[in-house]
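# Geometric and topological summary
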Amino acid sequence: MLAKLRRVILPAKPSAVVIIGALLIGIALGALAGQQSPGAAQAAVGYIKPIGNLWLAGLQMTIIPLLVALLITGINAASSAARSGAVATRAVVTFVALLAASATFAALVMPPILDAFPIPDAAVTAFRAAAGDIGDVPPVPTFGEFVATLLPSNVVAAAGDDAILKLVAFTTIFAFAITRLPDETRAPLTHFFRSLGEAMLVVINWILALAPIGVFALGYAVAVETGLAALGGLAHYVAAVSSIGTMLLVVAYGFAIAVARLRPAVYARAVLAPQAVAISTQSSLASLPAMLKASGAVGVAAERADVILPIAVALFRFTGPAMNLAVALYVAHIFGLDPDPATLAVGVGVATMTSLASVSLPGTISFITAISPIAAAMGVPIAPLAILVAVEQLPDIFRTLGNVTMDVAVTAAIDKSVPHEGKAP
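The structure presented is a predicted model; accordingly, all values stated were derived computationally and were not measured.

## Let's talk about the environment of Leu356
Its place among the elements puts Leu356 in helix H18 (residues 341-356). For the pair Leu356 and Ala77, spaced 279 residues apart in the sequence, the C-alpha separation amounts to 9.9 Å. Excluding residues that lie within four positions of it along the chain, Leu356 makes contacts with Gly74, Leu99, Leu315 and Arg317.

Have a look at this one:
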């Protein structure tokens, strides 16, 4: 199904080179026009920036229906997998625990990174200019207020008000309720939400086909006001978020050695092939055949790998919670927000759930829809994501590299943790 979905929605998406090129051209032309003819450049912004804002609104309009659809289908897929046997059950439980650990890692590590290597002031100005007039950032609720308002009294109103956290809470409860229904009742619901999610992904791909126009317009508008400062900000962003992915890659190697008890040299050689595919495609799905071979090379029985790895590709994106939360924290830093422990806990929870409900497609497709719920739940503006998505191709390499490396490690760990038939535990 995922392979078919990729064929349906991916061909129309412009390449990352085209999107980044459009952004750079927009920034260069905006900086040049702002320097040579400020009056005319500002007048042009009045016509060009609304085009970028319209493109951003197009991305935002898909967030709620896609989030609901993917969360329901993701939880039901996990439930179905867990019912299929001891190996699948252990895999799902392990995946959820590691996703939560991934998000917690970012909550602990990303703020010190930004404190040690702060965003340049000129870049902050540029990013804020890209966000436009976002109004007053709402205050973060106290813990008591958070608990009291966690569930929506009116789920339709919550969706209309973009109350993402309330919507996630309701959808999670609803999704688990669906898992308790008999098969003949559950199947139509899961089919409906699966179709809804696929339709939204098609819409997103259409919108991303216009990404060069959107990011050009936003880049031009920002550069007219701030010059070339946006380039420094983008470079800083790529380095900061990619550093989280690099650390998680090291964690994956450590997990393979300490938990899966694999020999370092054997494991390192085995994962080279899936890592090469991951770098070239930014797709865990495309790396699946190579991961199956790598699992065999480290001693995992084929019948076990054939169960665990497809579930991992569908449900487990180890770097997703950490890097998605890292982006939200980066944007919070831009606006001078300092999330307290309760807010970070909210971000960890939403990042874990949305990663479980995400889809194994290149990050430029899932970037807005994966990170917006986290940012919204934490009270962080999402407008800067429209600029950051243009350079997502670079951090996405580290995302996929860490994912496939951990997939092989965790497959070996699960294989050793569940006794084979006829063998003592």
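## Structural notes on unusual backbone geometry
Of note in the backbone geometry, Arg261 takes a positive phi value of approximately 60 degrees without being a glycine. As for its placement among the helices and strands, Arg261 is situated in the loop between helix H12 (229-258) and helix H13 (264-270). In this structure Arg261 comes out as exposed when scored by relative accessible area, which is 56%.

## Some words on the packing of helix H15 (residues 288-297) against helix H21 (residues 393-417)
H21 packs onto H15 with a crossing angle of 40 degrees between their chain directions and a minimal axis gap of 10 Å. In this view, H15 runs oblique relative to H21, as classed from their interaxial angle. Read as a crossing pair, H15 and H21 show a hand that is right-handed. On the side of H15, the interface is formed by Met291, Ala294 and Ser295, while H21 contributes Val404, Asp407, Val408 and Thr411. Residues of the contact of H15 with H21, tallied by class, amount to 4 nonpolar, 2 polar and 1 charged.

## Looking at the pattern of salt bridges
Under the defined criterion, the tally for this structure stands at 3 salt bridges. We note a salt bridge from Arg186 to Asp183, for which the minimum N-O separation is 2.5 Å. With Arg186 and Asp183 both in helix H10 (residues 183-209), this residue pair falls 3 residues apart, about one helical turn. Taking the relative accessible area as the measure of exposure, Arg186 reaches 11% and is therefore buried. Residue Glu392 pairs with Arg399 through a salt bridge whose shortest N-O separation is 2.8 Å. Grouping residues by exposure puts Glu392 and Arg399 together as buried.

## Quick word on helix H3 (residues 38-60)
Under the 1.5 Å per step criterion, the end-to-end length of H3 is 31 Å for 23 residues, consistent within 8% with the ideal 33 Å. The sharpest bend along H3 reaches about 35 degrees and sits at Gly46, with the proline Pro50 one to four residues further on. Turning to H3, its buried residues are Ala41, Val45, Lys49, Gly52, Trp55, Leu56, Gly58 and Leu59.

## Quick word on the environment of Gly34
Among the structural elements, Gly34 can be located in helix H2 (residues 16-36). Since its relative accessible area comes to 19%, Gly34 is described here as buried. Placed 189 residues apart in sequence, Gly34 and Ala223 show a C-alpha to C-alpha distance of 7.4 Å. Contacts of Gly34, omitting those with residues within four sequence positions, involve Ala41 and Val224.

## Notes on the packing of aromatic side chains
Where two aromatic rings form a pair, the distance of their centres and the angle of their planes describe that pair. As enumerated under the stated definition, the model contains 8 aromatic pairs in all. Ring centres of Phe216 and Tyr220 lie 6.5 Å apart, and the angle between their planes is 25 degrees; this geometry places the pair in the stacked category. In this pair, Phe216 and Tyr220 are both assigned in helix H11 (residues 211-226), 4 residues apart and thus about one turn of the helix distant. Residue classification places Tyr220 among the buried positions, given a relative accessible area of 8%. Ring geometry for Tyr253 versus Tyr267: centroids 5.5 Å apart, planes at 80 degrees, classification edge-to-face. One end of the pair, Tyr253, is in helix H12; the other, Tyr267, is in helix H13, and 14 residues separate them in sequence. Owing to a relative accessible area of 26%, Tyr253 belongs among the partly exposed residues under this scheme. Three or more aromatic residues joined by ring pairs make a cluster, and in this case those are Phe170, Phe174, Phe192 and Phe193.

## Description of a nonpolar patch on the surface
On the surface, a nonpolar cluster with roughly 260 Å² of combined accessible area is contributed by Leu24, Leu228 and Leu231. With respect to the helices, strands and loops of the structure, Leu228 is situated in the loop between H11 and H12. With relative accessibility at 52%, the residue Leu228 sits in the exposed group.

## Some points on H15
Those residues of H15 that sit buried are Leu288, Ala290, Met291, Ala294 and Ser295. Each buried residue of H15 lies within a common arc of 155 degrees when the element is viewed along its axis, so the set occupies one face. Next to the buried residues of H15 lie H13, helix H14 (272-281), helix H16 (302-315) and H21. Positive backbone phi, at 100 degrees, marks Gly299, one or two positions downstream of H15.

Thresholds applied
Residues numbered from 1 in each chain as written. Predicted model: local features only at pLDDT ≥ 70, side-chain atom pairs only at ≥ 80, totals over all residues. Heavy atoms only, no water. Helix = DSSP H or I, 4+ residues; strand = E, 2+ residues; numbered from the N terminus. Contact = heavy atoms within 4.5 Å. Buried < 20%, exposed > 50% of the residue type's maximum accessible area, 1.4 Å probe, protein only. Axes fitted to C-alpha atoms, helices over the stretch in contact; angles between N-to-C directions. Parallel < 35°, antiparallel > 145°, perpendicular 65-115°, else oblique. Left-handed = near helix turned anticlockwise from the far one by under 90°. Nonpolar A, V, L, I, M, F, W, Y, C, P; charged D, E, K, R; others polar. Salt bridge = Lys/Arg side-chain N within 4 Å of Asp/Glu carboxyl O. Expected span 1.5 Å × (residues − 1). Bend = angle between axes of the 7 residues up to and from the residue. Phe/Tyr/Trp six-rings, centres within 6.5 Å; stacked < 30°, edge-to-face > 60°. Patch = residues over 30% accessible without salt bridge, like charges linked within 9 Å, V, L, I, M, F, W, Y side chains within 5 Å. Areas by Shrake-Rupley, 256 points an atom, 1.4 Å probe, with all protein chains shown as cover. Arc of directions from axis to C-beta.

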